[in-house]
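Structural characterization, general
Residues per chain, in single letters:
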Amino acid sequence: KQWYQRRVRGDTICTALQTFDFGRTERGVRTNCASSGLLENDLKSVLLNTVRPDIVMIPKLDSVEEACFLNSIISQCSSEPFPVIFQTESAVGLINLPEIINSLIASSHVIPVAIVFGSDDYVSDIRGSRDIDAVVYARQKIVTYSRAYNIQPIDRVYIEYKDLEGLKRESEKGFGFGFAGKQCIHPTQIPVIQSAFSPSHEQLEYARELIRSFEDNQAAGKGAFTFRGKMIDRPTLLQAKNVVDMFDE
């Protein structure tokens, strides 16, 4: 019965990819994890389908061996490297994260584009709580390794979906941590998250003026300079350029 239900769900996903108009939205399919024994069938179902998704999401990627297994399956279904989002959801997955990233980057058929922090499984694994302070280490490690390898870090889901003010606060903190985005579980969360992870008009104008001031000071042969009462050097300039680049993207 369970096998039949899984097959029906797989067929439903493939049919949706073939028939539903997603517009400009990227189409992603979340599979089962490698340790479930279902990953190979899941990937072959969607990647050998008449219409493929744009990306696949792999939960609970815990080891280099699982990363190699993932690459092996995709190589059987695609002649070209395929974009993958994977989730870090356990203590061992967090410890092995740099090796997993290196393995995927070196692989022949996987393009790792984002790493998602699966906080609920993670705190269960470490026997912790969902309190934001309990996952600071994990969140910063995911951001650090993701950014080091030019991969997008995606923050945890905010499960109190009716609490949009709480979502706003946590999203803004996540943006400050260095996350590129945040998971959501309800349509009403989307605009809140998009706003929090986009520079405000004031931030954009500040960044543009700072860059112009830097260029003027460079032309005058100056190094560090003062802008609106603050000492500005190259790291501050790069932060301003990041804001402008984010808006342009």
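Predicted, not measured: the structure shown is a model, and the values here were computed from it. (Residues numbered from 1 in each chain as written. Predicted model: local features only at pLDDT ≥ 70, side-chain atom pairs only at ≥ 80, totals over all residues. Heavy atoms only, no water.)

Observations concerning the overall build of the chain
Assigned secondary structure in the chain consists of eleven helices and eight strands. For the chain, the C-alpha atoms occupy an extent of roughly 70 × 40 × 40 Å along the three principal directions. Here the chain holds 249 residues, and the buried ones make up 40% of them. Total accessible area on the chain stands at roughly 14,100 Å², and carbon and sulfur atoms take up 51% of it. Averaged over its 28 positive side-chain charges, the chain has a centre that lies 2 Å from the centre of its 32 negative ones. (Helix = DSSP H or I, 4+ residues; strand = E, 2+ residues; numbered from the N terminus. Buried < 20%, exposed > 50% of the residue type's maximum accessible area, 1.4 Å probe, protein only. Areas by Shrake-Rupley, 256 points an atom, 1.4 Å probe, with all protein chains shown as cover. Lys, Arg positive; Asp, Glu negative; His and termini not counted. Charge placed at Lys NZ, Arg CZ, Asp CG, Glu CD.)

Quick notes on helix H8 (residues 164-177)
Taking 1.5 Å of rise per residue, 14 residues should cover 20 Å, and H8 covers 20 Å from first to last C-alpha, within 8% of that figure. Those residues of H8 that fall on the buried side of the exposure criterion are Gly 166, Leu 167, Glu 170, Ser 171 and Gly 174. When H8 is viewed along its axis, its buried side chains cluster within an angular range of 130° and face the same direction. Across H8 from its buried face, at more than 90 degrees, point the exposed residues Glu 165, Lys 173 and Gly 176. Contact partners of the buried residues in H8: helix H7 (136-148), strand S5 (152-155), strand S6 (181-182) and helix H9 (189-196). One or two steps after H8, the chain reaches Gly 178, where phi turns positive at roughly 115°. (Expected span 1.5 Å × (residues − 1). Arc of directions from axis to C-beta. Contact = heavy atoms within 4.5 Å.)

Quick word on unusual backbone geometry
Phi is positive for Lys 60, close to 50°, though the residue is something other than glycine. Mapped onto the secondary structure, Lys 60 falls in the loop between strand S2 (55-58) and helix H3 (64-77). The class for Lys 60 is partly exposed, based on a relative accessible area of 28%.

Describing the side chain of Glu 170
Assignment of secondary structure puts Glu 170 in helix H8. Here the side chain of Glu 170 touches Arg 156 through a polar contact of 3.0 Å, side chain to side chain. Residues in contact with Glu 170, not counting those within four places in the same chain, are Ile 132, Arg 139, Arg 156, Val 157, Tyr 158 and Lys 182. (Polar contact = N/O pair within 3.5 Å; in protein donor to acceptor, adjacent residues only side chain to side chain.)

Overview of the pairing of S2
Across a regular strand the side chains alternate sides, sitting on one face of the sheet and then on the other. Alignment of strand S1 (residues 28-30) against S2, held across three bridges, turns out to be parallel. When the bridges of S2 are listed, Gly 28 appears paired with Ile 55. Sheet topology places S2 next to strand S3 (residues 82-88); three bridges connect them, and they run parallel. Across the sheet, the residue bridging to Ile 58 is Phe 86, located in S3. Once you follow S2 into H3 and on to S3, the crossover reads as right-handed. (Pairing = 2+ DSSP bridges. Right-handed = clockwise from strand over helix to strand, strands pointing away.)

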